[in-house]
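# Reading the structure
Residues per chain, in single letters:
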Amino acid sequence: MSSLTASPALKIAQIVCAIIFCLFCAGVIFGFAALKPVLIQEGIYADLCEPGERHQDEDGNWNVCLGQDTRLNLMFTLATVITNVVCLPVGYTLDHLGPRKTSILGSVVFGIGAFFFGLGYRSSFIDSYILGFIFLGVGGPLIFLSQFHLSNAFPAYSGVVLAAITGAFDASSIPFVFYRMMYNASGGALNLRIFFWSYLIMPVLVIIEHLTISPPETYQRLVGGEEEEPSPVVEPDAVTSTLPSTATTPVNRRSASRVRSEAGTELSNTAVAVEAFSAFSRIHYGDAHEDDEGMIKELAHKDGVTGLLYGQTAAQQIKSKWWVLLTLFVCIHMTRINFYVMSIDSQLEYYLGDAVLAEKLTIFFTICLPAGGAVAIPFIGLLLDYRPFMDVLGVLMAMGILFGSLGMTTVAWSQLIGIVIFCVFRPLMYTVVSDAYAKVFGFQTFGTVYGLSMTLSGCTGLINAPLDLLVKTKLHDNFYPIGITFVILGILICSSLMFSVWRYTRKGSVQLA
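By convention here, each chain's residues receive numbers from 1 onward along its written sequence. Note on the predicted model: pLDDT of at least 70 is required for a residue's local features to be given, and 80 or more for side-chain atom pairs to be given and counted; whole-chain, interface and lining totals, by contrast, use all residues. Computation of side-chain values: all heavy atoms of the structure, hydrogens and water removed.

## A few points about the overall build of the protein chain
Cut-off, in case you're wondering: Helix and strand labels come from DSSP, where a helix needs a run of H or I of at least four residues and a strand needs a run of E of at least two; each type is numbered from the N terminus. In this description, contact between two residues means that some pair of their heavy atoms is separated by no more than 4.5 Å. Surface accessibility in these figures is a Shrake-Rupley result with a 1.4 Å probe; residues are shielded only by whichever protein chains are displayed.
Secondary structure assignment for the protein chain yields 21 helices and two strands. Of all intrachain contacts in the protein chain linking residues separated by at least 6 positions in sequence, the fraction that spans at least 24 positions is 79%. Within the structure as shown, the protein chain displays about 20800 Å² of accessible surface, and the carbon and sulfur contribution to it stands at 66%.

Below is the structure:
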């Protein structure tokens, strides 16, 4: 289906469906903080408690024991780790199957996850809760990334569409917030099996939409008033692969320094032969340019790192210090973010010394987390559009220090401020990372260099399980050593990146306006 032949009403319907699907499927596992109290009340992993360790309070609510809490947190850790690890194969799948088939595949995977989680079966060989949560986590990105091409349905409003889809992902932890409210309102009658098996309607609706009104081909952006030819995404050998072994295109073989030196001049009117870019690369970043040169021309004066490693293969870029620094940045911050989401209830109870107050702030966090992603979209957009990378890193470092420091205080109001800052910091970090990879490495290799970094960050996230156990055992629930370590690591990696950017631009390697 061409974006020119589809009616505006049909395209609006497609976009609305995409936003709804992303809201209810894309990142539901990050609503773990809201789901966890329900799991505790339902007695999930309660058999891991020692005799007499688990009891009810005066309101009839069950407390969480060490073994139960550790296993629940492990479930979240494994799901987030595997979700990040599959980023590279997800991009490769999107490149080769196209958005429609990838989204349908994601719906099937998501549906399997909802079925397994609702099944609630455990034995010495299988744990359907862990399997289900992992499948929910893997299915979400397959659905989410497949919707990005819809931003080309209305080229004049592509940024708005992209922001709406991304905002839906940031807010996609909210289904578990509503479920917790309904569970409490029903007195526990709306149990896990009823909810998750009812939730199977969502992947079914995604499949129905993609078999009926969804565009069969990727929407392409307009070039000179005419639409590009649709990318033959269904034929694997007809699409440019994002693997390191892929040959570079003519435009990529240009030296990056030459392209940057031409940034302030008019590009030649001679047509440049450019192979089809990776669908994952172009769709994910929402690029409005036809090639890396176009982006350099527009942004080189604004940002010293734009075009830094254009013209190099993915293998060469991965060996650079810039990829190493950015990957360390991703690994440290994603591990830090997921540890906070996983253990915020325990952290608040430790720092405040009041279980009731900690529960209230945890509820506020579960609501603020999805809301923060949506509300922060204008701020994030302005920051990335109008400020250089150096300033963005400075903002990130300042926010990391603030939420890390406030999160270790013993006063409720400062913890509250820390939660709000975190809920803006999280979507900002995700957006800055994808923005930085696109600017530094270019669109041709984006799927590979970004996907590999996310995969490594997923592997790094495995450390959260032993960290959680360390806090509960050797540290006797003391979160200070972990919190301080994360703050210091955040400062070190942000400072290293800022110093590298400052030294690079100071040497005049990039011609700034």
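## Some thoughts on the nonpolar core
Worth spelling out the cut-off: Only buried residues count toward a nonpolar core, which is a set of Ala, Val, Leu, Ile, Met, Phe, Trp, Tyr and Cys residues joined through side-chain atoms within 4.5 Å. Remark: exposure states derive from per-residue accessible area (1.4 Å probe, protein chains only) relative to the maximum for the residue type, with buried under 20%, exposed over 50%, and partly exposed in between.
Ranked by size, the top nonpolar core spans 132 residues in total, and within it Phe133, Leu192, Phe365 and Tyr437 carry the most contacts. Per-element accounting of this core gives the leading share, 17 residues, to helix α14 (residues 321-352). Beyond its immediate sequence surroundings of up to four residues, Phe133 is in contact with Ile29, Phe32, Leu35, Met75, Phe76, Ala79, Phe117 and Phe176.

## Considering the layout of surface pockets
Rolled over the atoms, a probe sized like a water molecule indicates the empty space that remains. As a reminder, the rule being used: Computed over the protein atoms alone on a 1 Å grid, cavities are sets of points where a 1.4 Å probe fits but cannot get out and pockets are open sets with protein on both sides within 12 Å along at least five of seven lines; a residue lines them when it has an atom within 4 Å of a point. Grid points are joined across faces, edges and corners, and a volume is the space filled by probe spheres set on the points. Three categories are distinguished: nonpolar for Ala, Val, Leu, Ile, Met, Phe, Trp, Tyr, Cys and Pro, charged for Asp, Glu, Lys and Arg, and polar for the others, with Gly belonging to the last.
Quantified by volume, the second largest pocket comes out at close to 1000 Å³. Lining the second largest pocket are 33 residues, with Trp62, Asn63, Val64, Glu349 and Ala355 sitting closest to its centre. Among the secondary structure elements, those contributing two or more residues to the lining of the second largest pocket are α2 (32-41), α3 (66-85), α7 (174-185), α14 and α15 (355-375). A per-element tally of the lining of the second largest pocket places α15 first, with five residues. The residue makeup of the lining of the second largest pocket, split by class, is 13 nonpolar, 10 polar and 10 charged.

## Some words on α15
Selection criterion: Multiply 1.5 Å by the residue count of a helix minus one, and that product is the helix's expected span. Note that the bend at a residue is defined as the angle between axes fitted to the seven residues ending at it and the seven residues starting at it. Polar contacts, as counted here, are pairs of nitrogen or oxygen atoms within 3.5 Å of one another; within protein the pair requires one atom able to donate a hydrogen and one able to accept it, and residues that are adjacent in sequence qualify only if both atoms are side-chain atoms.
A rise of 1.5 Å per residue sets the reference length of α15, with its 21 residues, at 30 Å; its end C-alpha atoms lie 29 Å apart and thus fit the reference within 8%. At Cys368, α15 is bent by approximately 30°, the largest bend along its length, and proline Pro370 sits one to four residues beyond. Within α15, burial applies to Ala358, Leu361, Thr362, Phe365, Thr366, Cys368, Leu369, Pro370, Gly372 and Gly373. N-cap assignment for α15: the residue whose side-chain oxygen lies 3.1 Å from the backbone N of Val356 is Asp354.

## Comments concerning empty space enclosed by the protein
Counted according to the given criterion, the structure contains nine cavities of 30 Å³ or more. Approximately 160 Å³ is the volume attributed to the second largest cavity. Around the second largest cavity sit 14 residues that line it, and Tyr340, Gln347, Phe403, Gly483 and Phe486 are the ones nearest its centre. Contributions of two or more residues to the lining of the second largest cavity are made by α14, α17 (389-406) and α21 (480-506). Residue classes in the lining of the second largest cavity are distributed as nine nonpolar, four polar and one charged.

## Re the state of the cysteines
Rules: Disulfides are defined as cysteine sulfur pairs within 2.5 Å.
A full pass over the atoms with the stated rule returns one disulfide. Sulfur of Cys423: no disulfide; nearest cysteine sulfur belongs to Cys368 and is 3.6 Å away. The exposure class of Cys423 is buried, given its relative accessible area of 0%.

## As for unusual backbone geometry
The phi angle of most residues is negative, glycine excepted, and most peptide bonds adopt the trans form. If you check the backbone angles, His476 has positive phi at about 55° while not being a glycine. Relative to the helices and strands, His476 resides in the loop between α20 (464-472) and α21. Classification of His476 as exposed rests on a relative accessible area of 64%. Of note in this structure, Asp477 is not a glycine but carries a positive phi near 70°. For Asp477, the location among the structural elements is in the loop between α20 and α21.

## Notes on the packing of α15 against helix α18 (residues 412-441)
How we decide: Angles run from 0 to 180 degrees between N-to-C directions of axes, and those axes are lines fitted to C-alpha atoms, restricted for helices to the stretch in contact. Note on angle classes: values under 35 degrees are labelled roughly parallel, values over 145 roughly antiparallel, values of 65 to 115 roughly perpendicular, and the remainder oblique. Here a crossing is called left-handed whenever its near helix is offset anticlockwise from the far helix by less than a right angle, and right-handed whenever the offset is clockwise.
Where α15 contacts α18, the axes come no closer than 9 Å and their chain directions differ by 25°. Looking at the two axes, α15 sits roughly parallel to α18. With respect to the hand of their crossing, α15 and α18 are arranged in right-handed fashion. Facing Leu357, Leu361, Phe364, Phe365, Cys368, Leu369, Gly372 and Gly373 of α15, the residues of α18 in contact are Ala412, Gln415, Leu416, Ile419, Val420, Phe422, Cys423, Arg426 and Pro427.

## Observations concerning the confidence of the model for the protein chain
Operational definition: Each residue gets a pLDDT score, which is the predictor's confidence in that residue and runs from 0 to 100.
Within the protein chain, residue pLDDT values average 81, and 81% of them lie at 70 or more. Note on residues 223-290: pLDDT under 50 across the span, and 142 contacts to partners over four residues away in sequence or across chains. Low pLDDT (under 50) marks residues 509-513, which in the prediction has 14 contacts with non-local residues, meaning those over four places away or in another chain.

## A closer look at the side chain of Thr335
Summarising the element assignment, Thr335 is placed in helix α14. Aside from chain neighbours lying at most four places away, what touches Thr335 is Ser457, Thr460, Gly461, Ile463, Asn464 and Phe486.

## Quick look at the packing of aromatic side chains
Cut-off, in case you're wondering: Two rings belonging to Phe, Tyr or Trp (six-membered ring only in the last case) form a pair when the distance between their centres is within 6.5 Å. Interplanar angles under 30 degrees mark stacking, angles over 60 mark edge-to-face geometry, and anything in between is tilted.
The full count for this structure, using the stated rule, is 34 aromatic pairs. Ring geometry for Tyr350 and Tyr480: centres 6.0 Å apart, planes at 75°, overall edge-to-face. In this pair, Tyr350 is assigned in helix α14 and Tyr480 in helix α21, connecting sequence segments 130 residues apart. Centre to centre, the rings of Phe499 and Trp502 are 5.9 Å apart; their planes meet at 35°, and the pair counts as tilted. Taken together, the residues span about one helical turn, with Phe499 and Trp502 both in helix α21 at a distance of three residues.

## Notes on the pattern of salt bridges
Quick reminder of the rule: We define a salt bridge as a side-chain nitrogen of Lys or Arg found within 4 Å of a carboxyl oxygen belonging to Asp or Glu.
By the definition in use, this model includes eight salt bridges. With a closest N to O distance of 3.4 Å, Asp345 and Lys36 form a salt bridge. Within this pair, whereas Asp345 is found in helix α14, its partner Lys36 is found in helix α2, the two being separated by 309 residues in sequence. Here Asp345 falls in the partly exposed class, since its relative accessible area comes to 22%. A residue is classified by how much of its surface remains accessible, and Lys36, at 2% relative accessible area, is buried. The network of salt bridges with shared partners includes Lys36, Asp69, Asp345, Asp468 and Lys472.

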